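Here is how the chains run, residue by residue.
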Amino acid sequence: MLIFMTGITDTHAHLCDPAFDPDLPAVLENARKAGVFSVIAVSENLADAEKNLVLADGHPMVRAAVGLYPTNLDFDQASEMCAFIRHNAGMLAAIGEVGLDYWKVQEEPDREIQREIFRGFIELSRKLDLPLNVHSRSAGRHAVDFLLKHSAVKVQLHAFDGKPASARPAVEAGYFFSIPPSIVRSVQKQKLVKKLPLSSLLIETDSPVLGPDPQKRNEPANARLVIKAIAELKGIQEQAIIEAAAENTESLYGRK
Ligand SMILES: [Zn+2]
């Protein structure tokens, strides 16, 4: 079934964030007007996960991803989350967001806990054939190495802040990179997009953060700005970017 082949998918947004409580239907309508026809709603904890399942149930354009944010170093919460994922697997688009954050987590013993929790989610992703929606702040190269070492298959690296050289093995493994609207002000993201092949790119917003203006609430409609930025950087028509991203989204998230 081809579900992502038309329009833009925002592959990483925090729709469960309280910033969207007052006006989520209007936010989704704005997105649709901008050509964004589906949104993958990621979770940071169990409360988010439950909320995202309700949102996905109530809004046909929303699909839920469920995971534990990597700065959360609690094994009990991690195993509760794994149980929740197993129990609700049929309703999930992905496991996320999960990953490594070496910017906030600096002590080696804490990083070891973080890796152990991440390893559990990678295993679950393989077992359930669910994509991983991965956070990797100040840990781009480490996250790629770790995913490869643990034989992760379906992978989206969201807001990747590493060097293009660190991304290369991930591209070779068929992993995808989702680009947020902050690309309009981030030289690192612009460099990354120039180096990555179109066949590795996905669109995201990370709403309500990583917008074009860091002072303002970011929204899924801004996925459109990402299309425009990639088109300009690569010297390709916007429509061709939309089609390539849709095909990539389908290959990672589409269900056979
Ligand atoms: Zn996020």
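Please refer to the structure higher up on the page.
Residues numbered from 1 in each chain as written. Predicted model: local features only at pLDDT ≥ 70, side-chain atom pairs only at ≥ 80, totals over all residues. Heavy atoms only, no water.

Visitor: Teacher, can you tell me more about the packing of helix α3 (residues 75-88) against helix α4 (residues 108-128) here?
Guide: When two helices pack together, you describe them by how their axes are tilted relative to each other and by the distance separating the axes. Put simply, α3 and α4 touch, their axes get as near as 11 Å, and they point 10 degrees apart. Our classification of the angle between α3 and α4 gives roughly parallel. When α3 is examined against α4, the residues F75, A78, M81, C82, I85 and R86 are found in contact with a partner set consisting of I113, E116, I117, F121, L124 and L128. (Axes fitted to C-alpha atoms, helices over the stretch in contact; angles between N-to-C directions. Helix = DSSP H or I, 4+ residues; strand = E, 2+ residues; numbered from the N terminus. Parallel < 35°, antiparallel > 145°, perpendicular 65-115°, else oblique. Contact = heavy atoms within 4.5 Å.)

Visitor: Is there a simple way to think about the packing of aromatic side chains in this case?
Guide: The geometry of an aromatic ring pair is captured by the separation of the ring centres together with the interplanar angle, meaning the angle of the planes. A complete count under the given rule lists two aromatic pairs for this structure. Where F118 meets F146, the ring centres are 5.6 Å apart and the plane angle is 20 degrees; that geometry is what we call stacked. Remark: F146 occurs in helix α5 (residues 140-149) and F118 occurs in helix α4; sequence separation between them is 28 residues. Overall, F118 belongs to the buried group, its relative accessible area being 1%. When the centroid spacing of 5.0 Å and the interplanar angle of 85 degrees are considered together, the rings of F160 and F177 count as edge-to-face. On the criterion of sequence distance, the pair formed by F160 in the loop between β6 (155-158) and α6 (164-172) and F177 in strand β7 (residues 176-179) is long-range, its members being 17 residues apart. In this structure F160 comes out as buried when scored by relative accessible area, which is 1%. Across from the ring centre of Y102, 4.1 Å away, lies the NZ or CZ of R111, which sits over that ring. (Phe/Tyr/Trp six-rings, centres within 6.5 Å; stacked < 30°, edge-to-face > 60°. Buried < 20%, exposed > 50% of the residue type's maximum accessible area, 1.4 Å probe, protein only. Lys NZ or Arg CZ within 6 Å of the ring centre and 35° of its normal.)

Visitor: Would you take a moment to explain the sheet that holds β6 for this structure?
Guide: Strand pairs in the sheet, formed through backbone hydrogen bonds, run parallel or antiparallel to each other. If you walk across this open sheet you meet the eight strands as β1-β2-β3-β4-β5-β6-β7-β8, and the pairing is parallel. Of all the strands in the sheet, just β1 (8-13) and β8 (201-203) have a single pairing partner and so form its edges. Averaged over neighbouring strand pairs, the angle between their axes works out to 30 degrees when direction is ignored. Sitting on the sheet, helix α8 (residues 223-234) is in contact with β1, β2 (36-41), β7 and β8, with an inclination near 150 degrees to β8. (Pairing = 2+ DSSP bridges.)

Visitor: Where do I start with the pattern of salt bridges in this structure?
Guide: Side chains that differ in charge, positive against negative, can pair when their charged atoms come close. Counted under the stated rule, the structure contains twelve salt bridges. Notably, a salt bridge pairs E219 with R217, separated by 3.0 Å at the nearest N-O pair. Given the relative accessible area of 30%, R217 is considered partly exposed. (Salt bridge = Lys/Arg side-chain N within 4 Å of Asp/Glu carboxyl O.)

Visitor: Teacher, can you tell me more about the environment of P164 here?
Guide: Note that P164 resides in helix α6. Measuring from C-alpha to C-alpha, the distance between P164 and V66 comes to 28 Å, with 98 residues separating the pair along the chain. The residues touching P164, leaving out its near neighbours within four places in the chain, are K191, L192 and K195.

Visitor: Is there a simple way to explain the coordination of the zinc ion in this structure?
Guide: Between any two of four tetrahedral donors, the ideal angle at the metal is 109.5 degrees; between two of six octahedral donors, it is 90 or 180 degrees. The zinc ion binds to the protein through H12 (NE2), H14 (NE2), E97 (OE) and D206 (OD), with metal-donor distances spanning 2.1 to 2.2 Å. Angles of 84 to 170 degrees at the metal separate the four donor atoms of the zinc ion, which places the site in the irregular class. Each donor residue of the zinc ion belongs to the same chain, and together they define the spacing H-x1-H-x82-E-x108-D. One end of the pair, H14, is in the loop between β1 and α1 (24-33); the other, E97, is in strand β4 (residues 92-101), and 83 residues separate them in sequence. On the basis of relative accessibility, which here comes to 1%, the residue E97 falls in the buried class. (Donors = N, O, S within 2.8 Å, 3.2 Å for Na, K, Ca; no water. Tetrahedral: all angles 85-135°; square planar, octahedral: opposite > 155°, others 65-115°.)

Visitor: Any chance you could explain the side chain of S125 here in plain terms?
Guide: Structurally, S125 is set in helix α4. Note on S125: relative accessible area 2%, which makes it buried. What S125 contacts, discounting residues up to four positions off in sequence, is I95, L130, L132 and K154.

Visitor: Would you explain α6 in this entry?
Guide: Along an α-helix, residues three or four apart share an orientation, since each turn contains 3.6 residues. Taken residue by residue, α6 has S166, A167 and A170 as its buried positions. Each buried residue of α6 sits inside an arc of 95 degrees when the element is viewed along its axis, so together they form one side. Turned more than 90 degrees from where α6 packs its buried face, R168 and E172 sit exposed. Packing partners of the buried residues in α6 comprise α5, β6, β7 and α7 (187-195). Residue G174 follows α6 closely and has a positive phi angle near 85 degrees. (Arc of directions from axis to C-beta.)

Visitor: What is the right way to look at helix α2 (residues 46-58) in this model?
Guide: Look at α2: 19 Å from first C-alpha to last across 13 residues, which is about the 18 Å you get at 1.5 Å a residue. Among the residues of α2, those classed as buried are D48, A49, N52, L53, L55 and A56. Projected down its long axis, α2 carries its buried residues within an arc of 165 degrees, all on one side. α2 presents A47, V54, D57 and G58 as exposed residues on the side facing more than 90 degrees away from its buried surface. At its buried positions, α2 is contacted by α1, β2, β3 (62-66), α3 and β4. For α2, the N-terminal cap is N45; the gap from its side-chain oxygen to the backbone nitrogen of A47 is 3.2 Å. (Expected span 1.5 Å × (residues − 1). Polar contact = N/O pair within 3.5 Å; in protein donor to acceptor, adjacent residues only side chain to side chain.)

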